Amino acid sequence: MYTYTRWQVIALLFLGFSAGLPFLLVFSTLNARLADVGVETATIGFFSWLGITYSIKVFWAPVVDRLKLPLLDRLLGKRRSWIILAQAGIATGLYLMAHVDATVAPEMMALCGLLVAFSSATQDVAIDAYRIEIAEERLQAALAATYIFGYRLALLVAGAGALYLAEYWSWQVSYEVMAALVGVGALTVLIVREPRVNHFAAAEDIAHKVEAEAAKRSHLNPRLARLAGWFYAAVAGPFLDFFRRYRELSIAILLMVAVYRISDIAMGVMANPFYLDFMGFSKTQVADVTKIFGFFMTILGSLVGGVMVVRYGVRKILLLGAVMTAATNLLFVLLAQYPPDIVTLAIVVSADNLSGGIANVALIAWLSSMTSASFTATQYALFSSLMTLPGKFIGGFSGIVVAGYGYAEFFLIAGVMGVPAILLALFMIRHGKRLDQLAPPKDTGSPDEAQATSGA
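On a predicted model such as this, the values are computed, not experimentally measured, just so you know.

Visitor: It is not clear to me how the overall build of the protein chain should be interpreted in this structure. Could you clarify?
Guide: On a plain count of helices and strands, the protein chain comes out with 24 helices and zero strands. For the protein chain, restricting intrachain contacts to residue pairs at least 6 apart in sequence, the fraction spanning at least 24 positions comes to 82%.

This is the structure we're talking about:
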C-alpha cells in the first residue's frame, strides 16, 4: 500500500482527471447537447470529427516531446509547461462553448470544440511523457492504475455530471463548471515536481550521431546538421525503429490497431441521440444508466480484463474483446426493436461497458508491449492516434446512415465492422511466438535514475 502513497502516484490521479475531463465534452456530451437543443442528426454526426484531433496527435507529438516553451520552460520545466499551456487552451475553449448557441452558430461551436480537442490531445501527449519520466519502472503500473481511475472519474463528471447540470440548470452553466474544473489539473501541475533525469537518452544519442554524420558527409552548415539530427530522432526515428523491428508483421500490427475500435467508436457517436431522441429517455435517466452505472461496469470490465490478461495472455484477450465488442453492438439492434424500457437499457449498457473495459485493457497492454523505451511518447502517440482515427472518421457519417436507414440498421453495420478486428486478432495469436521474439526490451535504465525517468 505504501506504493499508492507516493506523491508521483497521487499526482497521476489528478492528472488523469485533467486528461479525461475534456474528452466527452467534445464527443458524447456535446452530441447530447446538440440533440437536446434541436440540431439536426446529420450535423451531429459531423461534429464527431472533432475527435479526429485525438487521432492525429502523433503529428505534433515530436514537437511537444522536444521543444522547450519560452519563459514557461524556465518557470515550470518542459513537461509541466506544455501541460499548463494545454490546460489553458482547454479552459478557454470550454468557456467559449458555454456561451455559443449551436442552433444559431454551429460553425463557431465547432471551432471552440476544435480548440478544446486540440489542446486536450496535446495535454495527453505531455502527460504520457510526464508519467513515464517521473518515476522508475517498478512504479509505472501504480501510476497507470491511478491515472486510469482519475480519467474514469473525469468521464463520469463530464458525462453524468454535465448532463445533471444541464437538466437542473442549463448547458451554459454545465460547460462553465467544466471549464472551472480544469483548475484541478492546473493546480496539480503547479504543485508537483518536474522530472529531473533523462531515463531514455537513446533519442538524444541518435540525434547527435545523425548531426555528426550530416556535418561530415555533406556541406551542410551546423544549424542544418542539427536540424537533420533533430528530425531523425524526433520524427523519423520512432517510425523507422518500429518498422525495422517488426518487419513483415508491421503492417498487420498497424491494421489491427486501426480497426480494433472501429465498431465501438462508430456506435458511440449515435448512442446519446439514440437514447434521447429515438428511445425518449430523459437526460437524468441516460446519466444514471449510461454514465454512473456504466462507469462501474467499465471499471469491473477493466479489472476482469487485467486478471484475464495475466492468466491467459494479452493476445487471447484481444480476441475475446473484439468478439464481445461486435456482439454487444448487435444487442443495440434488439434494443431498437422494442418499446423503451430502463431495465433492458441497463442490461445492454452493462454488456457494452463490460466488453469495452475488457477490450481496452487488452489493447493498452498490447500497445505498451510494442513500444520502444527509446521513443516511448511518439510511438505510443502513433498507436493511440491510429486506434481512434478510422472510427472517428467513419463515425462522422453515422448521422447520415441513421437518417437514411434507421438506428437498428446502423447498429447492425457497426457490429459487422468489428469482424476485421476479430480476424486480425486470430492472426496475431497465430504469429504470437514471432511477435514475442521481436518485442523491444523494456528495462533500459538503471536503479540510480529512480528519481525521474524520461520517455518521451
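Visitor: Would you mind showing me how to read unusual backbone geometry here?
Guide: Peptide bonds are trans in most cases, and residues, glycine excluded, mostly fall at negative phi. Phi is positive for L71, close to 65°, though the residue is something other than glycine. Mapped onto the elements, L71 comes out in the loop between α5 (61-66) and α6 (72-76).

Visitor: Quick question: what am I supposed to make of the confidence of the model for the protein chain here?
Guide: When pLDDT drops low, the exact placement of atoms in the prediction is not to be read closely. Counting all residues, the mean pLDDT for the protein chain is 80, and 83% of those residues have values of 70 or more. The low-confidence segment residues 443-456, where pLDDT is below 50, has 50 contacts with residues more than four positions distant or belonging to other chains.

Visitor: Is there a simple way to explain the pattern of salt bridges in this structure?
Guide: Side chains that differ in sign of charge can pair as their charged atoms come close. Throughout the structure, instances matching the rule amount to three salt bridges. A salt bridge links E248 to R434, with the nearest nitrogen and oxygen atoms 3.4 Å apart. You can see E248 sitting in the loop between α12 (222-246) and α13 (250-259) and its partner R434 sitting in helix α24 (residues 432-438), a full 186 residues away along the chain. Since its relative accessible area comes to 53%, E248 is described here as exposed. The salt bridge partner of R261 is D264, with a shortest N-O separation of 3.2 Å.

Visitor: What should I look at first to understand the packing of helix α21 (residues 398-405) against helix α22 (residues 407-416) in this one?
Guide: For any two helices packed against each other, the geometry is given by the interaxial angle and the distance between the axes. As a packed pair, α21 and α22 sit with axes 7 Å apart at the nearest point and diverge in direction by 135°. By the criterion of interaxial angle, the relationship of α21 to α22 is oblique. On the side of α21, the interface is formed by S398, V401, V402 and Y405, while α22 contributes Y407, E409, F410 and I413. Here the contact of α21 with α22 is built from residues that sort into six nonpolar, one polar and one charged.

Visitor: I keep staring at the packing of helix α7 (residues 78-98) against helix α8 (residues 106-133) and nothing clicks. Help me out?
Guide: Look at α7 against α8: their axes get within 8 Å of each other, and the N-to-C directions meet at 155°. Considered as vectors, α7 and α8 are oriented roughly antiparallel to each other. Here the hand of the crossing between α7 and α8 comes out left-handed.

Visitor: Explanation requested: the side chain of S398 in the structure shown.
Guide: Following the sequence through the fold, S398 ends up in helix α21. The residues contacting S398, other than those within four sequence positions of it, are G45, A266, V269, M270 and F410.

Visitor: It is not clear to me how the nonpolar core should be interpreted in this structure. Could you clarify?
Guide: In globular proteins that are soluble, nonpolar side chains generally tend to be buried together. Membership of the largest hydrophobic core comes to 126 residues, with the highest contact counts inside it found for L94, M97, I253, F274, W366 and L367. Discounting residues that sit within four places of it in the chain, M97 has contacts with L25, V26, L30, R33, M109, C112, G113, V116 and Y175.

Visitor: Explain the environment of S119 here, please?
Guide: For S119, the position within the fold is in helix α8. Judged by relative accessible area, which is 6%, S119 ranks as buried. When the C-alpha atoms of S119 and I90 are compared, they prove to be 5.6 Å apart, with 29 residues separating the residues in sequence. Other than its neighbours up to four places away in sequence, S119 contacts A86, G89 and I90. A polar contact is formed between the side chain of S119 and the backbone oxygen of L115, at a distance of 2.8 Å.

Visitor: What's the story with helix α15 (residues 271-278) in this structure? I'm lost.
Guide: Residues spaced three or four apart along an α-helix face the same direction, because each turn holds 3.6 residues. Across the eight residues that make up α15, a large majority, six, are buried. The first or second residue beyond α15 is G280, which carries a positive phi of 85°.

Visitor: Whenever I open this one, a nonpolar patch on the surface confuses me. Can you help?
Guide: A cluster of nonpolar side chains, contributed by L330, L412, V416, V419, L423, L426 and I429, occupies part of the molecular surface with about 580 Å² of accessible area. Sorting the residues of the nonpolar patch by element identifies α22 and α23 (419-430) as the ones contributing at least two each. Mapped onto the elements, V419 comes out in helix α23.

Visitor: Which parts of the structure should I look at to understand the environment of G321?
Guide: Structurally, G321 can be placed in helix α17 (residues 314-335). The buried category is assigned to G321, whose relative accessible area is 0%. Separated by 39 residues in the primary sequence, G321 and N360 have C-alpha atoms spaced 7.8 Å apart. Apart from residues no more than four positions distant in its own chain, G321 is found in contact with Y260 and A359.

Visitor: Is there a simple way to think about the packing of aromatic side chains in this case?
Guide: Centre distance and the angle of the planes are the two values used to describe a pair of aromatic rings. For the coordinates displayed, the defined rule picks out 15 aromatic pairs. Aromatic pair W171 and Y175: ring centres 6.5 Å apart, planes at 55°, arrangement tilted. With W171 and Y175 both in helix α10 (residues 171-191) and four residues apart, the pair spans about one turn of that helix. Both residues of the pair, W171 and Y175, count as buried. Above the plane of the ring of Y175 lies R33, whose end atom (NZ or CZ) is 4.8 Å from the centre.

Reading the values: the criteria
Residues numbered from 1 in each chain as written. Predicted model: local features only at pLDDT ≥ 70, side-chain atom pairs only at ≥ 80, totals over all residues. Heavy atoms only, no water. Helix = DSSP H or I, 4+ residues; strand = E, 2+ residues; numbered from the N terminus. Contact = heavy atoms within 4.5 Å. pLDDT = per-residue confidence, 0-100. Salt bridge = Lys/Arg side-chain N within 4 Å of Asp/Glu carboxyl O. Buried < 20%, exposed > 50% of the residue type's maximum accessible area, 1.4 Å probe, protein only. Axes fitted to C-alpha atoms, helices over the stretch in contact; angles between N-to-C directions. Parallel < 35°, antiparallel > 145°, perpendicular 65-115°, else oblique. Nonpolar A, V, L, I, M, F, W, Y, C, P; charged D, E, K, R; others polar. Left-handed = near helix turned anticlockwise from the far one by under 90°. Core = buried A, V, L, I, M, F, W, Y, C linked by side-chain atoms within 4.5 Å. Polar contact = N/O pair within 3.5 Å; in protein donor to acceptor, adjacent residues only side chain to side chain. Patch = residues over 30% accessible without salt bridge, like charges linked within 9 Å, V, L, I, M, F, W, Y side chains within 5 Å. Areas by Shrake-Rupley, 256 points an atom, 1.4 Å probe, with all protein chains shown as cover. Phe/Tyr/Trp six-rings, centres within 6.5 Å; stacked < 30°, edge-to-face > 60°. Lys NZ or Arg CZ within 6 Å of the ring centre and 35° of its normal.

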